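One letter stands for each residue in the lines below.
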Amino acid sequence: RGHIDDRNGRCNERRPFFLPADRPERRGHVPCPTMESETRPFRHVPVAKAADLEEGTMQMVEVDGTLILLIRQERLYALQGTCSHEYFELDKGFLGEGSVTCALHFSRFELDDGESLDPPADLPLITFPVREVDGDIVLELPEGEIPINE
């Protein structure tokens, strides 16, 4: 399993990670020297019909027991479906411009990279590559356990 560094640059090996490869420096994130890019085979999983997810809406799907939140806001997004602060389903929250807010404690997360914008959450949400293929919404997920931050 991989790990994520906390905001102080310390390793936190208890938590899985998926950070945008093009933005590891985001908000002071300092990659741990031991955090090598873990190469795992990926699978493409159709999870919903594209026509069922209208502009400005969210839909929760479950893959292998893991909740994943689909959002259509000018484009498609796929994020872990539960808040990284408390295990609360984000589809019960609020969709804002470029963000989703957890209804439990009002932690807000960026859609682009899952970054936590408002406390009490301090860990980002895991994001997953998503696209439309032949009328389906298809996720690119790693083989095996699907990582989430909690």
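Keep in mind that this is a model prediction, so the values were computed, not measured.

Concerning the sheet that holds strand 10 (residues 130-133)
Point 1. Read across the open sheet, the three strands follow the order 3-11-10; overall the sheet is antiparallel. Strand pairing shows two members of the sheet lacking a second neighbour, strand 3 (42-49) and strand 10, which therefore form its edges. Averaged over all neighbouring strand pairs, the angle between strand axes comes to 35 degrees, with direction disregarded.

As for unusual backbone geometry
Point 1. In this structure, Pro120 follows Pro119 across a cis peptide bond, with omega equal to 15 degrees.
Point 2. You can see Pro120 is positioned in the loop between strand 9 (108-110) and strand 10.
Point 3. One non-glycine residue, Glu74, lies in positive phi territory at about 70 degrees.
Point 4. Structurally, the position occupied by Glu74 is in the loop between strand 5 (66-72) and strand 6 (76-80).
Point 5. Look at Glu74 and you get exposed, because its relative accessible area is 76%.
Point 6. Residues other than glycine seldom take positive phi values, yet Phe106 does so here, at roughly 65 degrees.
Point 7. Take Phe106: it is sitting in the loop between strand 8 (99-101) and strand 9.

Quick word on the nonpolar core
Point 1. The biggest cluster of nonpolar side chains holds 17 residues, and the ones touching the most others in it are Val47, Val63, Ile68, Leu70, Ile137, Leu139 and Leu141.
Point 2. If you list the elements that add at least two residues to this core, you get strand 3, strand 4 (57-63), strand 5, strand 6 and strand 11 (136-142).
Point 3. Residue contacts for Leu139: discarding those within four places in its chain leaves Arg43, His44, Val45, Val47, Val63, Ile68, Leu70, Ala78, Pro129 and Val130.
Point 4. Val100, Phe109, Ala121 and Leu125 belong to the second largest nonpolar core, which has 14 residues in total.

A short note on the side chain of Asp113
Point 1. On the secondary structure map, Asp113 appears in the loop between strand 9 and strand 10.
Point 2. Assessed through its relative accessible area of 4%, Asp113 is described here as buried.
Point 3. Only 3.0 Å separates the side chain of Asp113 from the backbone nitrogen of Glu115, close enough to count as a polar contact.

Considerations on the pairing of strand 4
Point 1. Examined bridge by bridge, strand 4 and strand 5 share seven bridges and lie antiparallel to one another. Across the sheet, Met58 pairs through a bridge with Ile71, a residue of strand 5.
Point 2. Hairpin connection between strand 4 and strand 5: a loop of two residues separates the two successive antiparallel strands, and Asp64 in this loop has a positive phi of roughly 50 degrees.

Some points on the packing of aromatic side chains
Point 1. In the structure shown here, the tally under the stated rule is one aromatic pair.
Point 2. With 6.3 Å between their ring centres and 10 degrees between their planes, Phe94 and Phe106 make a pair best called stacked. Note that Phe94 is positioned in strand 7 (residues 94-96) and Phe106 in the loop between strand 8 and strand 9, a separation of 12 residues in sequence.

About the thresholds
Residues numbered from 1 in each chain as written. Predicted model: local features only at pLDDT ≥ 70, side-chain atom pairs only at ≥ 80, totals over all residues. Heavy atoms only, no water. Pairing = 2+ DSSP bridges. Helix = DSSP H or I, 4+ residues; strand = E, 2+ residues; numbered from the N terminus. Axes fitted to C-alpha atoms, helices over the stretch in contact; angles between N-to-C directions. Buried < 20%, exposed > 50% of the residue type's maximum accessible area, 1.4 Å probe, protein only. Core = buried A, V, L, I, M, F, W, Y, C linked by side-chain atoms within 4.5 Å. Contact = heavy atoms within 4.5 Å. Polar contact = N/O pair within 3.5 Å; in protein donor to acceptor, adjacent residues only side chain to side chain. Phe/Tyr/Trp six-rings, centres within 6.5 Å; stacked < 30°, edge-to-face > 60°.

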